Amino acid sequence: MPAVVQEHGTGQVLMLAWMDDEALHRTLTTGRATYWSRSRNEYWVKGETSGHVQHVRSVAIDCDGDTLLVTVEQTGAACHTGNHTCFYTDLKVAR
């Protein structure tokens, strides 16, 4: 299921990742954000290779039970591009 990752303190949305039951279990039991990589077909702990760690403060599930909100303390960049957030490109909205 999709996991929206939000920064504790600022409320800024940092990234969107994917979790299955095992990734969620690992996240809840270790306090480190663990995701399922659909492209690599494997689990990954955020920051394991980059050092840009996410310490999990809370996890909530939405009312439909199909999306997670993961609140983290982010160390370094959340995005693989080196940006603090993955949502740094604004699109023009017609008014």
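Here is a short report on the structure shown in this document. (Residues numbered from 1 in each chain as written. Predicted model: local features only at pLDDT ≥ 70, side-chain atom pairs only at ≥ 80, totals over all residues. Heavy atoms only, no water.)

**Digging into the overall build of the protein**
Short version of the rule: Helix numbers and strand numbers start at the N terminus; a helix is a DSSP run of H or I with at least 4 residues, a strand a run of E with at least 2. For a compact globule the rule gives 2.2 Å times the number of residues to the power 0.38, and the radius of gyration it is set against comes from C-alpha atoms. Each residue is placed in one exposure class: buried if its accessible area under a 1.4 Å probe, protein chains only, is under 20% of its type's maximum, exposed if it is over 50%, and partly exposed if it falls in between. The criterion used for residue contact is that any of the two residues' heavy atoms lie within 4.5 Å. Using a 1.4 Å probe, the Shrake-Rupley method yields the accessible areas, and only the shown protein chains count as cover for residues. Positive residues here are Lys and Arg, negative ones are Asp and Glu, while His and the chain termini are left out of the count. In this description, the location of a charge corresponds to atom NZ of lysine, CZ of arginine, CG of aspartate or CD of glutamate.
Per the secondary structure count, the protein includes one helix and six strands. Of the regular secondary structure in the protein, the N- to C-terminal order runs β-β-α-β-β-β-β. Taking 95 residues into account, the globule formula puts the C-alpha radius of gyration at 12 Å, and the protein, at 13 Å, falls close to it. Oriented by its inertia axes, the alpha-carbon framework of the protein measures out at about 45 × 35 × 30 Å. Taken across its 95 residues, the protein has 28% of its residues classed as buried. Partitioning the contacts of the protein with sequence separation of at least 6, the portion at a separation of at least 24 is 38%. Accessible area for the protein stands at about 6,100 Å²; split by element, carbon and sulfur atoms hold 51% of it. Side-chain charges in the protein split into 8 positive and 11 negative, and the spacing between the mean points of these groups amounts to 8 Å.

**A short note on the nonpolar core**
Condition: To qualify as a nonpolar core, a set must consist of buried Ala, Val, Leu, Ile, Met, Phe, Trp, Tyr and Cys residues joined through side-chain atoms within 4.5 Å.
Core analysis: the biggest nonpolar cluster contains 14 residues, and Val-5, Met-15, Met-19, Tyr-35 and Val-70 have the highest contact counts within it. Breaking this core down by element, the ones donating at least two residues are strand S1 (2-7), strand S2 (13-18) and strand S6 (68-74). Not counting residues up to four positions away in its chain, the partners in contact with Tyr-35 are Ala-3, Val-5, Met-15, Ala-17, Trp-18, Met-19, Ala-23, Glu-42, Tyr-43, Trp-44, Lys-46 and Gln-54.

**Considering the pattern of salt bridges**
Close approach of charged atoms lets side chains of opposite charge pair. Spelled out, the test is: A side-chain nitrogen of Lys or Arg and a carboxyl oxygen of Asp or Glu constitute a salt bridge if their distance falls within 4 Å.
Counted according to the given criterion, the structure contains three salt bridges. Salt-bridge contacts for Arg-57 lead to Glu-73; the nearest nitrogen and oxygen are separated by 2.3 Å. Of this pair, Arg-57 sits in strand S5 (residues 54-61) while Glu-73 sits in strand S6, placing them 16 residues apart in sequence.

**Some points on the pairing of strand S4 (residues 42-45)**
Stated formally: We treat two strands as partners when DSSP finds at least two bridges between them.
The pairing of strand S3 (residues 34-37) with S4 spans four bridges and is classified as antiparallel. Considered in S4, the bridge of Ser-37 is made with Glu-42. Hairpin remark: S3 followed by S4, antiparallel, with four residues in the connecting loop; positive phi at Asn-41, about 60 degrees.

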